[in-house]
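So you can see what is in the structure, the chains are spelled out below.
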Amino acid sequence: MMIERQARLLAGYVQGQRIADEVMDVLATCSADNVDSKIADYLAEKDDPRLTEIVNILLSKTMAALTGQAACHSENKPCCGGDHA
């Protein structure tokens, strides 16, 4: 729910829903060992700088909520422990 809400705030209602659904589909196939590479593959396939920015923000905020740490908001530095660009 948090990913969906944040995606809609960043990309608008319809596009945010699509992004949230796609990210959740990717995450559903991941393990802790391959989440960074799966997200990187998804973003490389889409080849969309704005989508990359949105997904990095979503993952950063999700990890921050899970770990209780502050989310990174800079698009120039890696979020969630890896570079998803």
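The following paragraphs examine the structure supplied in this document. (Residues numbered from 1 in each chain as written. Predicted model: local features only at pLDDT ≥ 70, side-chain atom pairs only at ≥ 80, totals over all residues. Heavy atoms only, no water.)

**Looking at the side chain of Gln6**
- Considering the arrangement of structural elements, one finds Gln6 in helix H1 (residues 2-11).
- In this view, Gln6 contacts Leu58 and Lys61; residues no more than four positions away in its chain are not counted. (Helix = DSSP H or I, 4+ residues; strand = E, 2+ residues; numbered from the N terminus. Contact = heavy atoms within 4.5 Å.)

**Some remarks on the packing of helix H3 (residues 35-46) against helix H4 (residues 49-67)**
- Taken N-terminus to C-terminus, the directions of H3 and H4 make an angle of 160 degrees; their axes are 10 Å apart at the nearest point. In terms of orientation, H3 and H4 fall into the roughly antiparallel class. Once H3 is placed against H4, the crossing between them reads as right-handed. From H3, Ile39, Tyr42, Leu43 and Lys46 reach across to H4, where they touch Leu51, Thr52, Val55 and Leu59. (Axes fitted to C-alpha atoms, helices over the stretch in contact; angles between N-to-C directions. Parallel < 35°, antiparallel > 145°, perpendicular 65-115°, else oblique. Left-handed = near helix turned anticlockwise from the far one by under 90°.)

Structural measurements only, silent on function.
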